[in-house]
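Analysis of the macromolecular model
For reference, the chains in residue letters:
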Amino acid sequence: MLKIFRVVIATTLRCNLDCKLCFPKAPLLKHPWHPDTAYLKAELDRIFSIIDSCGRLDLSGGEPLLRTDLHEVLSHALQYISRMDDGIRIITNGTIVPNSKIIDACKAYHGRIEFLVDNYGTDVSTKIKEISHVLDEADIRYSIRNNDPNSPHCGGWVDLGIERGKRNSPEKAQELFQHCICNDELRYAGAIEAGRQYICKMSKLVTLAGWEPDRPEEYVDLMDMSKSAEDLRAELNELYNRPCIAACQYCNGFFHDSPRFAPGVQMTPEEKEAAKKF
């Protein structure tokens, strides 16, 4: 039996915000991941052929509500709802009001689907009131995560520094990995992108940047149809038995005592132009 605490699927890495410390670096991606409907459905089928159950399924981004087919993806995911302890959660940034098709899909499974709406303040998350009204009217569960710069959730965001391309020593990289929250606490909680479950999505970014080669030992390719579900279960169980990953050479690490910064702060056009692209 393989049960995963949380399955997170990146439905898209396109986003309508330019947050400075975006964890997946969505604003800095040259070619943001945005699969078609059929791929996401096949990905869901594949995942639930490999795992027996999960605590919760998160549909994340980027900004998932940018997808005009999200209701189709959601409806497909609902066939596996009995294998999710806490149902499905859609994570959104408070800028787009869910359309009627999404609302109807949520109503079909009352209480098993919820929204997590990040509030980055009235200048950024401009649709909080409208979103709250629509979800209240439809009696759909939701929570507003306070990311207002004045009193942010968990004290704020962490600057991983990955885009600066600095190099840590191998010894420092190993130390970071051993104590990083991504490895130590958030196992399997990183978003699945392009069918790959990474130890940490920074592995993908350093490959995109050309700093490191693609390292198959640092992720499990769930969509590799040449491998059986049993093979992939074994690979998932082995994924974290590593002393380090290459991306740690370029990262500050993510710790409980890491310095925190105001979340959702938008880059200026000049800052975005000057930033390293992946």
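Above this note sits the structure.
Presented here is an overview of the structure given in this document. (Residues numbered from 1 in each chain as written. Predicted model: local features only at pLDDT ≥ 70, side-chain atom pairs only at ≥ 80, totals over all residues. Heavy atoms only, no water.)

Considerations on the pairing of strand β4 (residues 113-119)
We count it as follows: Relative accessible area decides the class of each residue, using a 1.4 Å probe on protein chains only: under 20% of the type maximum gives buried, over 50% gives exposed, and in between gives partly exposed. Put simply, DSSP H or I for four residues or longer makes a helix, DSSP E for two residues or longer makes a strand, and each gets a number counted from the N terminus. In this analysis, strands are considered paired if DSSP registers two or more bridges between them.
Most of β4 is tucked away, with seven of its seven residues classed as buried. With burial as the criterion, each face of β4 is covered, one bearing Ile 113, Phe 115, Val 117 and Asn 119 and the other bearing Glu 114, Leu 116 and Asp 118. Pairing geometry for strand β3 (residues 88-92) and β4, over five bridges, is parallel. Within β4, the residue paired with Thr 92 across the bridge is Val 117.

Here's the deal with empty space enclosed by the protein
Filter applied, for reference: Only protein atoms enter the 1 Å grid, on which a cavity is a set of points fitting a 1.4 Å probe that cannot get out and a pocket is an open set with protein on both sides within 12 Å along at least 5 of 7 lines, lining residues being those with an atom within 4 Å of a point. Grid points are joined across faces, edges and corners, and a volume is the space filled by probe spheres set on the points. Only Asp, Glu, Lys and Arg are considered charged in this grouping, and only Ala, Val, Leu, Ile, Met, Phe, Trp, Tyr, Cys and Pro are considered nonpolar; every other residue, Gly among them, is considered polar.
With the rule as written, the count across this model stands at three cavities of 30 Å³ or more. Together, 16 residues line the largest cavity, and Cys 180, Cys 200, Ile 245, Cys 248 and Cys 251 are the ones closest to its centre. Looking at the lining of the largest cavity, the elements with two or more residues in it are α5 (170-179) and α6 (181-184). Taken together, the residues of the lining of the largest cavity sort by class into 14 nonpolar, two polar and no charged. Of the pockets and cavities examined, the second largest cavity occupies roughly 60 Å³. Along the walls of the second largest cavity sit 11 residues, with Ile 4, Ile 47, Ile 51, Ile 192 and Leu 222 positioned nearest its centre. Contributing elements (two or more residues each) for the lining of the second largest cavity: β1 (3-10) and α1 (37-50). Of the residues forming the lining of the second largest cavity, the biggest block, three residues, is contributed by β1. Here the lining of the second largest cavity is built from residues that sort into nine nonpolar, one polar and one charged.

Details of the packing of helix α2 (residues 70-77) against helix α3 (residues 100-107)
Heads up, the rule is: Axis lines are fitted to C-alpha atoms, over the contacting stretch for helices. Their N-to-C directions set the angle, which ranges from 0 to 180 degrees. For classification, angles of less than 35 degrees are called roughly parallel, those exceeding 145 degrees roughly antiparallel, those between 65 and 115 degrees roughly perpendicular, and all remaining angles oblique. We call a crossing left-handed when the near helix sits turned anticlockwise from the far one by less than a right angle, and right-handed when that turn is clockwise. Every residue pair with non-hydrogen atoms within 4.5 Å of one another is taken to be in contact.
Close contact between α2 and α3 brings their axes to 8 Å; oriented N to C, the two are set at 15°. In terms of orientation, α2 and α3 fall into the roughly parallel class. The handedness of the crossing between α2 and α3 is left-handed. From α2, Leu 70, His 71, Leu 74 and Ser 75 reach across to α3, where they touch Lys 101, Ile 102, Ala 105 and Cys 106. When grouped by side-chain class, the residues that make up the contact of α2 with α3 number five nonpolar, two polar and one charged.

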